[in-house]
Each structure stands twice: as C-alpha cells, then as structure tokens.
Amino acid sequence: MFDLDDTLIRSDHIFSEFIGFSGKDTKIDRLLYPLAGRSYHEIVKIITHQVDEKFAAEFMDGYLRWYDTVGWKLHDPFDNIHELLTVTQTFSKSDILIVTNKRCSAAQRILAFFFPRIRFDVRGISEVKEVNKKHHLRGLREYFEGTADLVYVGDTVGDKDDAEKSGVDFAGACWKIKPEEFPLNTKCFFTPTDLLEWSLC
C-alpha cells in the first residue's frame, strides 16, 4: 500500500505555487507549508483556528478551484516510481492500494494521468464526509487479515503513526527533497529502487 503525496509524486511545492498564483500574503504560505499532505478537513480546521472560519472556507474554495484546473498538473512522479509500481503489480497480480489524504477524485485523476498502465484502488477522503487514513488502513487490515502481509509506504511520521495504530507494518519513503526524520527503529528506503529490491527479497 502506498501514500500518494511526496511518496509517489512530488507535492511539497504545491501550496507555494498556489500562493504565487493567487498573490496571497506570504504569511499564509508559512502557515500552509507544514500542512502539505494533510487532509482537506484538517487543513480547514487548522486555518480556521489560526485565522477564522470565513477565511478558511474562502481560501479552500479558491485553492480547490485552482488545484482542479491547474495545480494537479504540477506534480511529477519521483524517479523510478513507474518501475516500482509496474513490478509490484506484476508480482501481486492485483490493483495497487493507495491510501491518501487527497480527495478520491483528485487522486484518481492524477494516477490515471501519470501512471495510465497501472491499476489502482484508491482510498481517500471527500469534502463531505471526514474519513482519515487510520479508518482506511484499519479496514484494509481487517479485510486482508490472514491472507496478505500489508505494508504501508509513506513519507511522514504521521503516516507511520496511522499505520501502527491500525496494526499495519510501515516503511518510510525518504526520497523527497527534505525527507522526514523517522524514529531510529523505522524501516526506511532512500530510493524507490531500494524499496523494490527489499520487497522482492
């Protein structure tokens, strides 16, 4: 199972791109930068707390309009991700599971665009119902219990916590520009090729 943002595709620049496009105050950029990878609902709550509810709603409406027309195209897959996904699917003979804080519609569009030959099963969030990664990971663990060894590959300590609280093994994806500092006992990989070689052992 894979996270999407900053695991399969580069995403940590997206908020800054939006700030540059919209001409918002750079203070907002500093507020948003740590929120990369958080869910729609978390971002709204944090901005509401830091500023106010009206600003949070207006900001997210503008951001989603921009993202759904322009922003999603600014992602890029990391080097060797195509190979990792292709070989993984060949060996597993099943759809690749994606558990993400991104909206399902956006995740599916991005995956179909960048990885058109790969089949995915996307578990994400919607703007209406607040469902987090732990919910999806726990459900998948229960569904596959006894039939498969599940490992969730993600790029943040939050991903690791969500996996562990759901009873799922975790592997750290440490190939983005500023990789997360995981606890010493974390299984980490610094290139997708390293992860692929480990998974084939």
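Remember, predicted model here, so these are calculated numbers, not experimental data.

Caption draft 1: Just the sheet that holds strand 5 (residues 188–189), in detail. Spatially, 3-4-5 is the arrangement adopted by the three strands of the open sheet, whose pairing is parallel. Each edge of the open sheet carries a strand with a single partner, namely strand 3 (151–154) and strand 5. When strand 4 (residues 169–173) meets strand 5, the two strands line up parallel, connected through two bridges. Bridge assignment links Ala173 to a residue of strand 5, and that residue is Phe189. On the sheet, helix 8 (residues 157–165) packs against strand 3 and strand 4 and is oriented at approximately 170° with respect to strand 4.

Caption draft 2: Here's a closer look at helix 9 (residues 192–199). Regarding helix 9, the residues found buried are Pro192, Leu195 and Leu196. Seen end-on, helix 9 carries its buried residues on one side only, within an arc spanning 100°. Here the buried face of helix 9 lies against helix 5 (81–92), strand 3 and strand 5.

Caption draft 3: Here's a closer look at the packing of helix 7 (residues 133–144) against helix 8. Between helix 7 and helix 8, whose axes approach to 8 Å, the crossing angle comes to 40°. When the interaxial angle is binned, helix 7 and helix 8 end up oblique. Considering the relative orientation of helix 7 and helix 8, their crossing is right-handed. Residues Lys133, Lys134, Leu137 and Arg138 of helix 7 lie in contact with helix 8, whose contacting residues are Asp159, Asp162, Ala163 and Lys165.

Caption draft 4: Spotlight on the nonpolar core. Judged by nonpolar contacts, the single largest core of 40 residues is most densely connected at Phe2, Leu8, Tyr63, Leu85, Ile98, Phe115 and Phe120. By residue number, the principal contributor to this core is helix 4 (residues 53–69), which donates seven residues. When residues no more than four places from it in sequence are discounted, the contact partners of Phe120 are Leu85, Asp95, Ile96, Ile98, Leu111 and Phe115. By size, the runner-up hydrophobic cluster in this structure holds 12 residues, among which are Val99, Leu140, Ala163 and Phe170.

Caption draft 5: Representation of the pairing of strand 1 (residues 96–103) within the structure. Burial within strand 1 is extensive, with eight of its eight residues counted as buried. Sheet analysis places strand 1 next to strand 2 (residues 120–125), joined by five bridges and oriented parallel. What sits directly across from Val99, in strand 2, is Arg123.

Caption draft 6: Main features of the packing of aromatic side chains. Using the criterion set out here, one finds 15 aromatic pairs in the structure. With centroids separated by 6.2 Å and ring planes inclined at 40°, the aromatic side chains of Phe21 and Trp66 adopt a geometry described as tilted. Linking Phe21 in helix 1 (residues 14–22) with Trp66 in helix 4, this pair joins segments that are 45 residues apart in sequence. The class of Phe21 is exposed, set by a relative accessible area of 59%. For the pair Phe113 and Phe114, a centre-to-centre distance of 5.0 Å together with 85° between the ring planes defines the contact as edge-to-face. Judged by relative accessible area, which is 49%, Phe113 ranks as partly exposed. Judged by relative accessible area, which is 11%, Phe114 ranks as buried. By the ring-pair criterion, three or more aromatic residues cluster together here, those being Phe15, Phe18, Phe21, Phe55, Phe59, Tyr63, Trp66 and Tyr67. Note that Arg109 overlies the ring of Trp72, its terminal NZ or CZ placed 5.5 Å from the centroid.

Calculation rules
- Residues numbered from 1 in each chain as written.
- Predicted model: local features only at pLDDT ≥ 70, side-chain atom pairs only at ≥ 80, totals over all residues.
- Heavy atoms only, no water.
- Pairing = 2+ DSSP bridges.
- Helix = DSSP H or I, 4+ residues; strand = E, 2+ residues; numbered from the N terminus.
- Contact = heavy atoms within 4.5 Å.
- Axes fitted to C-alpha atoms, helices over the stretch in contact; angles between N-to-C directions.
- Buried < 20%, exposed > 50% of the residue type's maximum accessible area, 1.4 Å probe, protein only.
- Arc of directions from axis to C-beta.
- Parallel < 35°, antiparallel > 145°, perpendicular 65-115°, else oblique.
- Left-handed = near helix turned anticlockwise from the far one by under 90°.
- Core = buried A, V, L, I, M, F, W, Y, C linked by side-chain atoms within 4.5 Å.
- Phe/Tyr/Trp six-rings, centres within 6.5 Å; stacked < 30°, edge-to-face > 60°.
- Lys NZ or Arg CZ within 6 Å of the ring centre and 35° of its normal.

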